[in-house]
Amino acid sequence: EACELIKSKSNNLRSKFDIKKKEKIILVYGDLKRRKGIFELIEIIKDKNFPENLKVIFAGKQSDKVKNYIKKNIKGKKDKKKLILFNKFVDRIEEANFFGVADIIWVAYSGGSDGSSGVLKQAVIAGKPIIESGRGLISWINRKNKIGISIDLKNKINSINKIKEY
């Protein structure tokens, strides 16, 4: 029954954020700071080759740097439609709903630790594939277990093509 509740609420997220059934969702989750590859993802989203059927949800508290970068770089109506911002602490029910509605989870971190990630663990538990940046332990886990795709954050077009293929 609890799973049904979570499933039905995650479906409600699609209507709450006006996400059509044919649209796929990339979830960026947690403490949203620069090191999570967010600036690079913003540049990917802005590219004219970014798939029209993809939405990106930022679910979690954004640092001031991230907020300012988004404000500065996501201006046009077309770019704003690709990005959904949920800028607050996410409770456990909301977390389950975001992971339930997501098609793929962003763990393509650009800086900081090359260790593992709590978000990676949550993605695996939720049975969701990942997008990672070819760095450290996350990349090794992906190569060993084939749980997602590896992108090069410095190569925007290649990253977009890999995301499209998935």
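Residues numbered from 1 in each chain as written. Predicted model: local features only at pLDDT ≥ 70, side-chain atom pairs only at ≥ 80, totals over all residues. Heavy atoms only, no water.

Undergrad: I keep staring at unusual backbone geometry and nothing clicks. Help me out?
TA: A negative phi angle characterises most non-glycine residues, just as the trans form characterises most peptide bonds. Within the chain, Asp18 stands out as a residue other than glycine whose phi angle is a positive 55°. If you trace the backbone, Asp18 turns up in the loop between helix H1 (2–16) and strand S1 (24–29). Look at Asp18 and you get exposed, because its relative accessible area is 51%. (Helix = DSSP H or I, 4+ residues; strand = E, 2+ residues; numbered from the N terminus. Buried < 20%, exposed > 50% of the residue type's maximum accessible area, 1.4 Å probe, protein only.)

Undergrad: Would you explain the nonpolar core in this entry?
TA: Nonpolar side chains in soluble globular proteins tend to be buried together. Of all hydrophobic cores here, the largest spans 27 residues; its most connected members are Val56, Phe58, Trp106 and Ile131. Mapped onto this core, the elements with two or more residues apiece are S1, helix H2 (38–46), strand S2 (54–59), helix H3 (64–73), strand S4 (104–107) and helix H8 (156–165). It is H2 that provides the largest number of residues to this core, a total of 6 residues. Those residues within four positions of Trp106 in sequence are excluded, and the remaining contacts are Ile26, Leu27, Val28, Lys36, Gly37, Leu41, Ile44, Val119, Ile131, Ile151 and Leu153. Counting residues in hydrophobic clusters, the runner-up holds 25 residues, among them Ala59, Ile84, Ile105 and Tyr109. (Core = buried A, V, L, I, M, F, W, Y, C linked by side-chain atoms within 4.5 Å. Contact = heavy atoms within 4.5 Å.)

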